[in-house]
Amino acid sequence: MNRPPMLMHLKIKGENANFGLWLPLFLLIPLALAVLIVLSPLILIGVLALWPSGWGKKAVLVLWAAIVSFCSMRGLKVDVKNRRESVYISVV
Amino acid sequence: MTENKKKILEMLADKKISIDDAYRLLNVVDAGESGQESTPKTEPEIKGGPRYLRVTVLPNADHEDAARADRVNVRVPMSLIRAGIKLTSLIPPEAMDKMNSALHDKGINFDMRSVKSEDIEDLIAALGDMEVDVESGREKIKVFVE
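Asks: Honestly, the overall build of chain B in this entry has me stumped. Any pointers?
Replies: Helix and strand counts for chain B come out as five helices and four strands. Going through the 146 residues of chain B one by one, you find that 5% of them count as buried. Within chain B, counting contacts between residues at least 6 apart in sequence, those at least 24 apart form 54% of the total.

What follows is the structure in structure tokens.
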């Protein structure tokens, strides 16, 4: 698994809106971990309840896949411009 | 010098084989003589492989309306594509059937169930040679890996 991304740069230019934002993902990771720890008993109960139907295993895999996908986002860059508007997203 | 080596050098002198071929054949002969495995030495494998899938849409300078064209520059990490392909295995079968029928309606006969996580590396390695260039009106579209 890759190292998680540290920053997300978001820049939107339009006729009415014009803003740029550096989102510190490295600060959100501890926050997300804390939420995950707090909710872990509920998640565990949910997974155990759903396990016989087969959805419990899928729920665990989805959670893991979400973490892997997030960590794989490092290097993603989207830059779309037209004459009036532009959107720039970069994950570093 | 062995008979085989002489033959190889003769073939090279007669320009029947290239310098690369001669080098490869001499390596095979050397390996055979020293009792090693008689496989030709290949170039070291390129480490890493393709890292990003790039999609660019740029204005076509030859077109009179190029100034109005959109500009797109997207760079997607291969690791994200890998994770995405792996996620397809978590799609419920009912949703997979719906996706397949929607693709079929659009004229694409592709079964999403045939995407296996084991084939991902081969698929990504094959993407390394891919390059799509489309010139359409005021825009130039390019899809490639780097």
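Asks: How do you make sense of the overall build of chain A when you look at a structure like this?
Replies: The helix and strand tally for chain A stands at two helices and four strands. In sequence order, the secondary structure elements of chain A are arranged as β-β-α-α-β-β. Counting every position in chain A, which comprises 92 residues, the buried fraction comes to 4%. For chain A, restricting intrachain contacts to residue pairs at least 6 apart in sequence, the fraction spanning at least 24 positions comes to 43%.

Asks: Got a minute to help me understand the interface of chain A and chain B in this structure?
Replies: How large an interface is tends to be reported as the accessible area lost when its parts come together. Contacts between the two partners involve 19 residues from chain A and, on the opposite side, 16 residues from chain B. Residue assignment for the side of chain A that touches chain B shows that the elements contributing at least two residues are α2 (55-71) and β3 (77-81) of chain A. The leading source of residues in the side of chain A that touches chain B is α2 of chain A, at six residues. Split by residue class, the side of chain A that touches chain B holds eight nonpolar, five polar and six charged.

Asks: Looking at this structure, how should I read the pairing of β3 of chain A?
Replies: In regular strands, side chains alternate between the two faces of the sheet. Of the pairings in the sheet, the one linking β3 of chain A to strand β2 (residues 71-77) of chain B comprises five bridges and is antiparallel in character. Residue pairing across strands places aspartate 79 of chain A opposite asparagine 73 of chain B, the latter belonging to β2 of chain B. In terms of strand pairing, β3 of chain A meets strand β4 (residues 86-91) of chain A through five bridges, oriented antiparallel. Pairing of lysine 77 of chain A across the sheet is with serine 90 of chain A, part of β4 of chain A. Turn length for the β3 of chain A-β4 of chain A hairpin, with the two strands adjacent in sequence and antiparallel, is four residues.

Asks: So what exactly am I meant to see when it comes to the pairing of strand β1 (residues 52-59) of chain B here?
Replies: Residues and elements named next belong to chain B. Of the strand pairs in this sheet, β1 and β2 are connected by six bridges, and their pairing is antiparallel. Counted as the bridge partner of valine 57 is valine 72 from β2. Note: β1 against strand β4 (residues 139-145), seven bridges, orientation antiparallel. Paired with leucine 58 across the two strands is lysine 140, which belongs to β4.

Asks: Would you mind showing me how to read the sheet that holds β3 of chain A here?
Replies: Within a sheet, neighbouring strands are paired by backbone hydrogen bonds and run either parallel or antiparallel to one another. What the eight strands build is an open sheet, ordered β2(A)-β1(A)-β4(A)-β3(A)-β2(B)-β1(B)-β4(B)-β3(B); its pairing is antiparallel. At either end of the open sheet lies a strand with only one pairing partner, and these are β2 (18-24) of chain A together with β3 (131-136) of chain B. Adjacent strand axes in the sheet meet at a mean angle of 5° when their direction is disregarded. Against the sheet, helix α1 (residues 25-50) of chain A makes contact with β1 (7-13) and β2 of chain A, and its axis sits at roughly 55° relative to β2 of chain A, the strand it touches most.

Asks: Where do I start with the confidence of the model for chain B in this structure?
Replies: Fine structural detail should not be taken from predicted coordinates in areas where pLDDT scores are low. All names here are of chain B. Mean pLDDT over chain B: 78, with 84% of residues reaching 70 or higher. By mean pLDDT, the top-scoring element of chain B is β2 (94), and the lowest-scoring one is helix α2 (residues 19-33) (69). Below pLDDT 50 for its whole length, residues 36-46 participates in nine contacts with residues either more than four positions away or in separate chains.

Asks: Help me understand the packing of α1 of chain A against α2 of chain A in this model?
Replies: When two helices pack together, their arrangement is given by the angle between the helix axes and the distance between those axes. Residues and elements named next belong to chain A. Put simply, α1 and α2 touch, their axes get as near as 6 Å, and they point 140° apart. Comparing their axes, α2 and α1 come out oblique. Where α1 abuts α2, its residues Gly46, Val47, Leu48 and Leu50 lie against Trp55, Gly56, Ala59 and Val60. Classifying every residue of the contact of α1 with α2 by side-chain character gives six nonpolar, two polar and no charged.

Asks: How should the environment of aspartate 62 of chain B be read in this particular structure?
Replies: Residue and element names in this part refer to chain B. Considering the arrangement of structural elements, one finds aspartate 62 in the loop between β1 and β2. Taking the C-beta count within 10 Å as the criterion, aspartate 62 has 9 such neighbours and is therefore assigned exposed. The spacing of aspartate 62 and glycine 137 is 75 residues in sequence and 9.1 Å in space, taken between C-alpha atoms.

Asks: I'm lost on the confidence of the model for chain A in this one. Help?
Replies: This prediction gives chain A a mean pLDDT of 90; 100% of its residues lie at or above 70. When mean pLDDT is compared element by element in chain A, β3 of chain A scores highest at 95, while α2 of chain A scores lowest at 87.

Reading the values: the criteria
- Residues numbered from 1 in each chain as written.
- Chains lettered and ligands numbered in written order.
- Predicted model: local features only at pLDDT ≥ 70, side-chain atom pairs only at ≥ 80, totals over all residues.
- Helix = DSSP H or I, 4+ residues; strand = E, 2+ residues; numbered from the N terminus.
- Buried ≥ 20, exposed ≤ 12 C-beta atoms within 10 Å, placed from the backbone.
- Contact = placed C-beta atoms within 7 Å.
- Nonpolar A, V, L, I, M, F, W, Y, C, P; charged D, E, K, R; others polar.
- Pairing = 2+ DSSP bridges.
- Axes fitted to C-alpha atoms, helices over the stretch in contact; angles between N-to-C directions.
- pLDDT = per-residue confidence, 0-100.
- Parallel < 35°, antiparallel > 145°, perpendicular 65-115°, else oblique.

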